[in-house]
Amino acid sequence: MAEAADFPGMSPSPARRWLRRTGTLLAGAPLLAGLLQLPAGAPAQAAAQASVKAASDAGTVAVAVDSLSPGAPTEGDTVTVSGTVTNNGKQTVTDAHVGLSVGAALTTRSAIDSVAKHADSLPATYGSEVGGKYVAEFAKLTPGVSEHFSISIPVDKLDLDEDGVYPLGVSLSGETSSQQWEQVLGIQRTFLPWQPDEADTRTRTTVLWPLMSTVHMTAETGSNEQQTPVFLNDDLAEEIAPGGRLDQLLTLGKDLDVTWVIDPDLLASVDAMTGSYRVRGEGDTTTAGTHQAIAKQWLDDLQDAVLGKEVVALPFADPDLAALAHNGTGVTGSLSQLKEATDVAATTVETVLHVTPSTDFAWPVDGAVDPSIVKVATSAGADKVIARSDSLTETGDLTYTPSAARPIGGGTTAVVADSRLSKAFYGDLTRASASTLAVQEFLAQSLSLNLQTDKQRSIVVAPQRMPTASQARSLAEAVTTLQGGTWSQSQQLAATAKAKPDPDATTKVPSKSAYPSSLRKQELPRSAFEQIADTQDKLDNFKVILANEARVVTPFGRAINREMSTSWRGRSTAASTFRQSVRAYLDTLTGQVKLIDKSETKLSGRSATIPVTVQNNLVQGVDHLVLRLTSTNPTRLEISGDAYAEQQITVSGGHTTTVKFTTSAKVNGQTTVIAQLYTEDGQKYGAPVTFDVKVTEITATVMLVIGGGVLLLVLAGFRMYTQRKRAAARENGEDGEDGPDPADEPADAAQNPEGPEDGPKGESGAGAGADDPEQPSDETPDTAAESADPSGTGERVDR
């Protein structure tokens, strides 16, 4: 703790001293520590706490430690501390200097937590200032101005004694016009791990090095033979370009002894970029990708980096195991998706990186587990689950951190990563000071863990899935120091999982209700898994008709895997948009095979054929389709002698085919007919085409009526012909020597019973009466005079 100091002119009364200095006391280390040691009642303690908070919140000078080298010094080293001091107050600070102070060794990991939590609080320093020439002096610090400092000090001047973690205070002391005495105006605490000699027992440390990204590829591919892939955007090119996040992870990781944990989807995406690819633009437009060279170089470098290293492949697209366990298991087919993603993982890694990965590890988000997550994680074949110690917490009386491996039943091993070490590099580490503090805290926790016991233990560090570039740099710096230090040694994840478990370590998986609500809120909802299942069903229905189903099944299968990705956490809108785009594109493809619409059809006869046309606008042929034509009223219209008929359909890519169905009409009227495509297993395919058929049936009676009408027309025509012929003959008799042909007379009589055309109506014979004189040309008639009475009933006239 800080040393007590008396200042001139101050009252010896502790209570009065607090009241007078409330809100202005910034020399928290010397004065406040002494005051806290004096007896006081509850009101005085409350006042003291208020004063501490006021002093802490005031923060007149900010001290930032931008570097501490070496992070874990040994005998003979010189420690260099560099950083900046910034006057955030309104008064100029004079006679200022930065000094170093080292406190007593911290004996527990929780003590390290406490110091880190109050790293810049003024109420206390640790130990006395080294002083002397090991300070950085400033005549004055102007408000709002930052000044750089650097202090180098031999490690033996720091009075480090036994092995352990020492709190190192870097403080600025000075005066202001309102408080003209030296006081601590700002401080930054960090840690100095001290293990100068080789540890008797080293901690075996496994560091996971995650290499994964968000979803970048769509389900869409080109219609060419190479099936040119289409990317959502060009963000992946930025990540793998020199200086990009993934490029830095690769560059940093290749020099470390780590276990690479890789999402095969990342490899597949970068590999797709090495050839021709397109990037989606606004609307339905796409542009040609241009980063083939960057993709090839990144993959080449990665192949070199993982050569001879341990590689763990997660299921393809890193599916969200917790979301699946909590919201997806009730949806048919969801677990099958996980199995497929696991099966394709090893093949992808082997194809792209030419190494054989381990696929028997499952990694839930943040290592948070419950029984349902463990069950799902192991359902696809994994028998090891990477958990974290803040989820699988110790419930016994262990005074040390146990080894990572824990048998949790059913032949499953939980590999429990250390929470403190794994979370050391969360947050914004873009500032050098934040990075330095994170590195030193990591090293301090690792050494403190090693000093807990002489037992040999295996520890796992599982950082965040997608660290930023600054987080990755900080982690790499810490791991580099750790692997070059004296208390830790590297170990592969597989060996850690096989290490002998501590018999006293907890093996009880927490209940489902213990799962963090903050994580649960980020999970894919049940509706998402229902949409995924619906898309899979449609894909299954589509692929059976394709001549080359791999062109569709592969890109859509991987896209459906991506719909379950852990990377959608916290991005529910983007996840929903992606699912909808996959389904919409599948609908577009399935819609390329369809029935052509038909208008109303008219049938006039007992039987006829109805043509139906199937169109295939895909680039590949379709087969195993059945076209069914159904009459909704088979008593009026039958199709092939039944209510419906079916025909097998095969259509080449880019073509149409027309099939004909024989129909039989029973009665007149309108009938609705439905044409529907089916797959061979009886599943409907596409939308039906419905059209009306108007039937006019032809009966025997109607045929007789029509035939009689035709006969009458023929007879009428014959009569007209004979009349014209007789008239012509008569005219020839008047003009020539001979009279009319007697043979014509009976015919005339028969044709016109009422007498010659030119005779008066009602007269009979050739003349008007017996007294009329005969005309010279008249001859004796060869037929008797006809009666003027009507013909008798049933009289038939032969023609």
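Thresholds, definitions, all that
Residues numbered from 1 in each chain as written. Predicted model: local features only at pLDDT ≥ 70, side-chain atom pairs only at ≥ 80, totals over all residues. Heavy atoms only, no water. Pairing = 2+ DSSP bridges. Helix = DSSP H or I, 4+ residues; strand = E, 2+ residues; numbered from the N terminus. Axes fitted to C-alpha atoms, helices over the stretch in contact; angles between N-to-C directions. Parallel < 35°, antiparallel > 145°, perpendicular 65-115°, else oblique. Left-handed = near helix turned anticlockwise from the far one by under 90°. Contact = heavy atoms within 4.5 Å. Nonpolar A, V, L, I, M, F, W, Y, C, P; charged D, E, K, R; others polar. Salt bridge = Lys/Arg side-chain N within 4 Å of Asp/Glu carboxyl O. Buried < 20%, exposed > 50% of the residue type's maximum accessible area, 1.4 Å probe, protein only. Core = buried A, V, L, I, M, F, W, Y, C linked by side-chain atoms within 4.5 Å. Expected span 1.5 Å × (residues − 1). Bend = angle between axes of the 7 residues up to and from the residue. 1 Å grid on protein atoms, 1.4 Å probe; cavity = no way out; pocket = protein on both sides within 12 Å on 5 of 7 lines; lining within 4 Å. Points joined across faces, edges and corners; volume = space filled by probe spheres on them. Phe/Tyr/Trp six-rings, centres within 6.5 Å; stacked < 30°, edge-to-face > 60°. Lys NZ or Arg CZ within 6 Å of the ring centre and 35° of its normal.

Asks: Could you give an account of the sheet that holds strand 29 (residues 684–696), with specific residues and numbers?
Replies: Read across the sheet, five strands follow the order 22-29-28-24-26 without closing on themselves; strand pairing throughout is mixed. Strand pairing shows two members of the sheet lacking a second neighbour, strand 22 (601–604) and strand 26 (644–651), which therefore form its edges. Sheet twist, expressed as the average angle between the axes of neighbouring strands with direction ignored, equals 25°.

Asks: Report on the packing of helix 9 (residues 321–328) against helix 10 (residues 334–353), specifying residues and quantitative values.
Replies: Between helix 9 and helix 10, the shortest axis-to-axis distance is 10 Å and the interhelical angle comes to 160°. Taken together, the axes of helix 9 and helix 10 lie roughly antiparallel to each other. The chirality of how helix 9 crosses helix 10 is left-handed. Side by side, helix 9 and helix 10 meet where Leu-321, Leu-324 and Gly-328 of the first sit next to Ser-334, Leu-335 and Leu-338 of the second. Looking at the contact of helix 9 with helix 10, its residues break down into four nonpolar, two polar and no charged.

Asks: Account for the pattern of salt bridges, with residues named and values stated.
Replies: Enumeration over the complete set of coordinates arrives at 22 salt bridges. For Glu-239, the salt bridge identified is with Arg-245, shortest N-O distance 2.7 Å. With respect to class, Glu-239 is no different from Arg-245; both count as buried. Members of the salt-bridge network, linked through shared partners, are Asp-534, Lys-538, Arg-583 and Asp-587.

Asks: Can you lay out the nonpolar core for me, pointing to particular residues and giving the numbers?
Replies: In terms of nonpolar packing, the biggest core is built from 76 residues, with Phe-542, Phe-556, Leu-627 and Leu-629 touching the most fellow members. When neighbours within four sequence positions are excluded, Phe-556 is seen to be in contact with Ala-219, Leu-539, Val-582, Tyr-585, Leu-586 and Leu-589. Counting 63 residues, the second largest nonpolar core, distinct from the first, contains Leu-211, Phe-231, Trp-260 and Ala-424.

Asks: With reference to specific residues and values, describe helix 10.
Replies: When the terminal C-alpha atoms of helix 10 are compared, their 29 Å separation across 20 residues agrees well with the 28 Å that a helix rising 1.5 Å per residue should span. When the local axis directions of helix 10 are compared, the greatest deviation, roughly 25°, occurs at Val-344. Here helix 10 has its buried residues at Ser-334, Gln-337, Leu-338, Ala-341, Thr-342, Val-344, Ala-345, Thr-348, Val-349, Val-352 and Leu-353. Following helix 10 by one or two positions, His-354 adopts a phi angle in the positive range, close to 65°.

Asks: Please set out the packing of helix 18 (residues 550–562) against helix 19 (residues 572–590) residue by residue, giving values where relevant.
Replies: At a closest axis distance of 10 Å, the pairing of helix 18 and helix 19 adopts a crossing angle of 160°. Here helix 19 runs roughly antiparallel to helix 18, going by the angle between their axes. Crossing handedness for the pair helix 18 and helix 19: left-handed. Together, Phe-556, Ala-559 and Arg-562 of helix 18 and Phe-578, Val-582, Tyr-585, Leu-586 and Leu-589 of helix 19 make up the contact between the two elements. A per-class count over the contact of helix 18 with helix 19 returns seven nonpolar, no polar and one charged.

Asks: Can you break down the sheet that holds strand 25 (residues 637–639) residue by residue, with the values?
Replies: Taken together, the four strands give an open sheet; going across it, the order is 21-23-27-25, and neighbouring strands pair in antiparallel fashion. Only two strands of the sheet have a single partner each, and these edge strands are strand 21 (593–595) and strand 25. Recorded for the sheet is a direction-independent mean angle of 30° between the axes of neighbouring strands. For strand 23 (residues 607–616) and strand 27 (residues 655–665), the ladder comprises 10 bridges, and the chain directions are antiparallel. Across the sheet, residue Asn-616 finds its bridge partner in strand 27, namely His-655.

Asks: Talk me through empty space enclosed by the protein; I want residue IDs and the actual numbers.
Replies: As enumerated under the stated definition, the model contains four cavities of 30 Å³ or more in all. When its volume is computed, the largest cavity comes out at roughly 100 Å³. As for the largest cavity, its lining consists of 15 residues, and the residues nearest its centre are Pro-315, Leu-321, Phe-361, Ala-362 and Ala-377. Contributions of two or more residues to the lining of the largest cavity are made by helix 10 and strand 15 (361–362). For the lining of the largest cavity, the class distribution of residues is 11 nonpolar, two polar and two charged.

Asks: Before we move on, can you summarise the packing of aromatic side chains with the specific residues and values?
Replies: On inspection of all chains with the given rule, the structure shows five aromatic pairs. Relative to Phe-442, the ring of Phe-425 has its centre 5.4 Å away and its plane inclined at 40°; by these criteria the two rings are tilted. Highlighted residues: Phe-425 in the loop between helix 12 (419–422) and helix 13 (432–450) and Phe-442 in helix 13, separated in sequence by 17 residues. Taking 5.6 Å as the distance between ring centres and 15° as the angle between the ring planes, the aromatic pair formed by Phe-556 and Tyr-585 counts as stacked. Of this pair, Phe-556 sits in helix 18 while Tyr-585 sits in helix 19, and the two are 29 residues apart along the sequence. We classify Tyr-585 as buried; its relative accessible area is 18%. Its end group placed over the ring of Trp-363, Arg-465 keeps NZ or CZ at 4.5 Å from the ring centre. Sitting above the plane of the Phe-691 ring, Lys-598 keeps its charged end 5.3 Å from the centroid.

Asks: So, the layout of surface pockets: which residues are in play, and what are the values?
Replies: When its volume is computed, the second largest pocket comes out at roughly 590 Å³. The wall of the second largest pocket is formed by 25 residues, among which Met-217, Ala-268, Asp-271, Ala-272 and Thr-554 lie closest to the centre. Only strand 9 (217–221), helix 7 (264–273), helix 10 and helix 18 provide two or more residues apiece to the lining of the second largest pocket. Partitioning the lining of the second largest pocket into residue classes produces 10 nonpolar, 11 polar and four charged.

Everything listed here is a matter of coordinates, which is why it stays silent on function.
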